Amino acid sequence: MRRRGIACVLMLGVLALPALAQTASDPAMPPAAAPQAEGASPALEGLQAAPAQIVVSERRPGPGVWKVSKGNHVMWVFGVYSPLPKNMEWDASRVERLLSQSQALLAPPSASAHVGFFNGLRLLPQLPRLIGIQNNPDGATLQEVLPAEVYAHWTVLKDRYIGDNEDMERLRPLFAAQRLQAAGRDKAGLVNGSIVRERIFQIAKANKVKVLQSGFELELDNVGKGITAFKRTQLNDAACLARTLDSLEQDIDALQQRTSAWANGNIAEIEGLDYTTQAHACDEAILGSSAAEQASPAFRSIRERLRTAWLEAAEKAMAENASTFAVLEMKDVFDPTGYLGALRAKGYTVDSPR
């Protein structure tokens, strides 16, 4: 539950509803014409036609793999990029070879939320209050809670990818971002990086490689208070939608180039991509909210705890196995103060693919 996980633990544990879950739009829905929104800036002009689906049919050599080593022990780290074309094929032969020679597969860091049996019973009477929880408090509309420029941009892209849907106007910006991103990627034929992770886990299973988890379980102390606070609080999530609007266009317009860079292992080009801006803004809308604080103060430190948990699991795996294969998101691979950077600081040798 990594990308769905950080910002969504509150939704999974408190609300039983992921904040940024990927939901597929109806592929049969024809793209709607997008009229210029009143007050839209000239920068939004020309965003009229939904893109054709992006298809990458040729087989790619496959992305490179990072090598982390200390003494005779090695960990191969595979970086996953998202989004990717639905039917893209990549050469997994090197992954198969390295996994078949490894004793363990280290899963990406994950966090799960636990309310406990008795807390769960106390939560049951409050479940009807979850109805409409995706909407803004007090019936506010997106036009009322968003800056004018962001709302104009939203109107253009909503018409392009979703079409006429008045119910969308009542959504919190966070949930509007989720639905627009899902619809836009679906129309362009894109999916998240889970298809690659699933393939890697299939290879591990076929080679009887044990899977190691790297994460922790978060205890939620005040589930009811978290629900109440969430329904009453207007989140600081306008930036989440604004960044999603920008990144969605970048994802689609630059997809062919980005996919080629990832699938061909062009490390210099991959390293220059922006991995954090949109995700960070949406994470903060949840983790920095009073609802998260009410449910559990531990939400404030969830990123640090995920990083610590993965590093502990990685060091343990390397100490116990001659060869370990690990999967991380590409942003965690490249962050100089992130996962591989921390191992380098601890004395491990980290070699980038060439």
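Please read these numbers as outputs of a predicted model, since none were measured by experiment. (Residues numbered from 1 in each chain as written. Predicted model: local features only at pLDDT ≥ 70, side-chain atom pairs only at ≥ 80, totals over all residues. Heavy atoms only, no water.)

**Remarks on the packing of aromatic side chains**
Throughout the structure, instances matching the rule amount to three aromatic pairs. In this structure, Lys 70 packs its charged tip against the face of Tyr 348, placed 4.0 Å from the ring centre. (Phe/Tyr/Trp six-rings, centres within 6.5 Å; stacked < 30°, edge-to-face > 60°. Lys NZ or Arg CZ within 6 Å of the ring centre and 35° of its normal.)

**Topic: unusual backbone geometry**
Phi at Asp 138 is positive, roughly 60°, even though this residue is not glycine. Relative to the assigned elements, Asp 138 resides in the loop between helix H3 (117-123) and helix H4 (142-145). Since its relative accessible area comes to 83%, Asp 138 is described here as exposed. The phi angle at Lys 208 is positive, at roughly 55°, despite the residue not being glycine. Relative to the helices and strands, Lys 208 resides in the loop between helix H7 (194-206) and strand S6 (210-219). (Helix = DSSP H or I, 4+ residues; strand = E, 2+ residues; numbered from the N terminus. Buried < 20%, exposed > 50% of the residue type's maximum accessible area, 1.4 Å probe, protein only.)

**Some thoughts on the packing of helix H5 (residues 148-161) against helix H6 (residues 173-187)**
Contact geometry for H5 and H6: axes closest at 9 Å, N-to-C directions at 45°. If you check the angle between H5 and H6, you find them oblique. Remark: the crossing between H5 and H6 carries left-handed chirality. On H6, the residues that touch Trp 154, Leu 157, Lys 158, Arg 160 and Tyr 161 of H5 are Ala 176, Leu 180, Ala 183, Gly 184 and Lys 187. (Axes fitted to C-alpha atoms, helices over the stretch in contact; angles between N-to-C directions. Parallel < 35°, antiparallel > 145°, perpendicular 65-115°, else oblique. Left-handed = near helix turned anticlockwise from the far one by under 90°. Contact = heavy atoms within 4.5 Å.)

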